[in-house]
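Structural features, examined
So you can see what is in the structure, the chains are spelled out below.
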Amino acid sequence: MISRSLSRFVVDSQWRDMPAALRHEAKRSVVNVIGTALGGSSDAATRRTALTLAPFSAPAEATIIGRREQMSCLDAAFVNALAGNVFDFDDTHPGTIIHPSAPVAPPLFAFAQRRPMSGADLLHAFILGVEIECRLGNAVSPFHYKRGWHITATCGVFGAAAAIGKVLGLDETHMLWALGNASAQSSGLVETLGTMAKSIGVGQSARGGLLAALLAQNGVEGPELPLEGPRGFLQVMGSDPDLAGLTAGLGERWELLRNTYKPYPCGVVLNPVVDAVLALREQGYVPPERISGIRVLGHPLLGERADRPAVTTGREAQVSAQHAVAVAWIEGRAGVTEFSDERVRAPDVLALRDRVTVGQEVGHTVDGARVEITLVDGAVLDRVVKAARGSTDNPLSDAEISEKFRTLAAHGCPGLDPEPLLAALWNLDEAPDAGRVIALSAFG
């Protein structure tokens, strides 16, 4: 039985068996998502969510990343996961397009301030939670996302439940119940992309997974087959799911080692597009008035998710190829500011955006794209990107992830010295108390 096999795998796993490369990748993922949460801590969605939950949140026990106040660990998990995902700048698991860390790391850090755990214990649980959510994502892809399920939220709740169940020391049966309790909460819709509700789904997956494990610990029973049952997650939310792949190579092949980190705060399909635009710009800047049109060509998913010519907010612009191309050409960069409401509505961006079209071209993966800029004199500037920055074949270095962390901290928490927190996260496997590490993220 698949559900029991996965439960047994999580329960039996030992930190000493985790390869060194896997341990290091876990730290890269954690540094990245805490950085994106710092950057998103001052976003309107984060502020409004914290304001909404504050009157109902007790006890005040867990840090809200980048903020002064504390909340219950359940609510802190919610707010911090939302903040980590709000700019769409968090990590990406190839093939599924899951953002693995936001649903799993925040509930672990929040719970670490209620029930002390070492950094190694947190990282071990994080690795296992990511493994569960990504294997489930593999099993239901590509149907699940194409059908309209927001896969980070729907699969993330299982990852959070498995991770918290691990640090709670649940046995096989209670871990199975945790996955069953998570299955009762699995939800999230692609229709919410470009709105605040998208990250609410991610926040709820973090909170829901934490709750699922705590309920199981206290004897709240789940179904015997929450995943593979005839009306379980895989059959209801997938089409011809890959059941065999869920357990194939379990403990030998790790999904976290496939994880990728974005250089730009937008949908992963836009990374090669921005790379191409910036590369062409470096070859020689041409004023927008000399450009008659820009064609973006790539994988079918590029058009499906990012052919959005009429966006009106920064949040919508995160999944708009037209905006990404226009603002990257005009500004020569693509950071958080370039995907703000102000830049989306700027006349110069709007004027160039209207000349950008999106189409398909055979031979591109999600990590590749072609950008063709046609000038008014008929000349054509052309750039093909095969492997975008941050992709599996062109990964960000540790130093680049650290610099991204600093930039996001400066954006979301101006005045915060990020270095003590950054150093502590890179040495998390040696920390005796993970709760003290995340406490360094408090600000204000």
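As the structure is a prediction and not an experimental result, all values here were calculated from the model.

Regarding helix 19 (residues 419-426)
Along helix 19, the residues that are buried comprise L421, L422, A424, L425 and W426. Where helix 19 is buried, its residues touch helix 2 (20-40), helix 5 (101-112), helix 18 (398-412) and helix 20 (434-439).

Let's talk about unusual backbone geometry
Here the residue pair A58 and P59 is connected by a cis peptide bond, since its omega of 0 degrees sits within 30 degrees of zero. In this model, S141 is joined to P142 through a cis peptide bond whose omega is 5 degrees. In this structure, P142 sits in the loop between helix 6 (119-140) and helix 7 (143-147). The backbone phi angle of D88 is positive, close to 55 degrees, even though this residue is not glycine. Inspection of the secondary structure puts D88 in the loop between helix 4 (73-85) and helix 5. The backbone of I97 sits at a positive phi, close to 65 degrees, despite the residue not being glycine. In this structure, I97 sits in the loop between helix 4 and helix 5. On the basis of relative accessible area, I97 is assigned to the buried category, the value being 17%.

Here's the deal with the packing of helix 4 against helix 5
At a closest axis distance of 8 Å, the pairing of helix 4 and helix 5 adopts a crossing angle of 145 degrees. As helix 4 packs across helix 5, the resulting crossing turns out to be right-handed. Two secondary-structure elements touch here, helix 4 through C73, A76, A77, N80, A81 and N85 and helix 5 through A102, P106, P107, A110 and F111. Looking at the contact of helix 4 with helix 5 residue by residue, the classes come out as 9 nonpolar, 2 polar and no charged.

Side note on the sheet that holds strand 3 (residues 291-298)
The strand order across the open sheet built from 4 strands is 4-3-5-6, with neighbouring strands paired in mixed fashion. At either margin of the open sheet sits one strand with a lone partner, and together these are strand 4 (356-360) and strand 6 (380-385). The average undirected angle you get between the axes of adjacent strands in this sheet is 15 degrees. The strands touched by helix 15 (residues 321-331) are strand 3, strand 4, strand 5 (369-375) and strand 6; relative to strand 4, the strand with the most contacts, the crossing angle is about 125 degrees.

Structural notes on the packing of aromatic side chains
Per the stated rule, a full pass over the model turns up 3 aromatic pairs. Ring plane angle 40 degrees and centroid distance 5.9 Å describe the contact between F9 and W254, whose orientation is recorded as tilted. Here F9 is found in helix 1 (residues 2-12), whereas its partner W254 is found in the loop between helix 11 (233-237) and helix 12 (271-283), with 245 residues between them in sequence. Ring centres of F158 and F233 lie 5.0 Å apart, and the angle between their planes is 65 degrees; this geometry places the pair in the edge-to-face category. Pair noted here: F158 is in helix 8 (residues 151-168) and F233 is in helix 11, with a separation of 75 residues, a long-range link. Classification of F158 by relative accessible area gives buried; the value is 0%. By relative accessible area, F233 is classed as buried at 4%. K404 extends its terminal NZ or CZ atom over the ring of F89, reaching a point 4.1 Å from the ring centre.

A short note on helix 6
For helix 6, with 22 residues, the first-to-last C-alpha span of 32 Å sits near the 32 Å given by 1.5 Å per residue. A large share of helix 6 lies buried, amounting to 20 of its 22 residues.

Things to note about the side chain of S118
Within the secondary structure, S118 is located in the loop between helix 5 and helix 6. With residues up to four places along the chain from it excluded, the contact list for S118 reads A431, P432, D433 and A434.

With respect to the environment of A161
Position of A161 among the secondary structure elements: in helix 8. It is 40 Å that separates the C-alpha atoms of A161 and A276, two residues lying 115 residues apart in sequence. Discounting chain neighbours no more than four positions away, the residues touching A161 are M175, A178, A182, G209, A212 and A213.

Quick look at the pattern of salt bridges
If you walk through the whole model with that rule in mind, you get 26 salt bridges. With a closest N to O distance of 2.9 Å, E172 and R4 form a salt bridge. Highlighted residues: E172 in helix 9 (residues 172-183) and R4 in helix 1, separated in sequence by 168 residues. According to the relative accessible area criterion, E172 is partly exposed, its value standing at 22%. Residue class for R4 comes out buried when judged on its relative accessible area of 16%. Across the pair R406 and E419 runs a salt bridge, and its minimum N-O distance is 2.7 Å. Of this pair, R406 sits in helix 18 while E419 sits in helix 19, placing them 13 residues apart in sequence.

Considerations on the side chain of S186
Within the secondary structure layout, S186 lies in the loop between helix 9 and helix 10 (196-217). Judged by its relative accessible area of 11%, S186 is buried. Reaching out from S186, the side chain makes a polar contact with the backbone oxygen of T154 at a distance of 2.8 Å. Setting aside residues no more than four positions away along its own chain, S186 makes contact with T154, V157, F158, F233 and M237.

So, the pairing of strand 6
Strand direction decides the pairing type here: strand 5 and strand 6, joined by 6 bridges, are antiparallel. When the sheet's bridge partners are listed, E372 is paired in strand 6 with D382. Where strand 5 folds back onto strand 6 in an antiparallel hairpin, the turn is made up of 4 residues, including G378, whose phi is positive at roughly 95 degrees.

With respect to the environment of A244
If you trace the backbone, A244 turns up in the loop between helix 11 and helix 12. Once the C-alpha coordinates of A244 and A139 are considered, the two residues, 105 residues apart in sequence, prove to be 8.5 Å apart.

Quick word on the packing of helix 5 against helix 8
Closest axis-to-axis distance for the helix 5/helix 8 pair is 8 Å, and the angle between their directions is 35 degrees. Taken as a pair, helix 5 and helix 8 cross one another with a handedness that is right-handed. Along its contact with helix 5, which presents P103, V104, P107, L108 and F111, the element helix 8 presents T152, G156, G159, A160, A163, I164, V167 and L168. Grouping the constituent residues of the contact of helix 5 with helix 8 by class yields 10 nonpolar, 3 polar and no charged.

Definitions and cut-offs
Residues numbered from 1 in each chain as written. Predicted model: local features only at pLDDT ≥ 70, side-chain atom pairs only at ≥ 80, totals over all residues. Heavy atoms only, no water. Buried < 20%, exposed > 50% of the residue type's maximum accessible area, 1.4 Å probe, protein only. Helix = DSSP H or I, 4+ residues; strand = E, 2+ residues; numbered from the N terminus. Contact = heavy atoms within 4.5 Å. Axes fitted to C-alpha atoms, helices over the stretch in contact; angles between N-to-C directions. Left-handed = near helix turned anticlockwise from the far one by under 90°. Nonpolar A, V, L, I, M, F, W, Y, C, P; charged D, E, K, R; others polar. Pairing = 2+ DSSP bridges. Phe/Tyr/Trp six-rings, centres within 6.5 Å; stacked < 30°, edge-to-face > 60°. Lys NZ or Arg CZ within 6 Å of the ring centre and 35° of its normal. Expected span 1.5 Å × (residues − 1). Salt bridge = Lys/Arg side-chain N within 4 Å of Asp/Glu carboxyl O. Polar contact = N/O pair within 3.5 Å; in protein donor to acceptor, adjacent residues only side chain to side chain.

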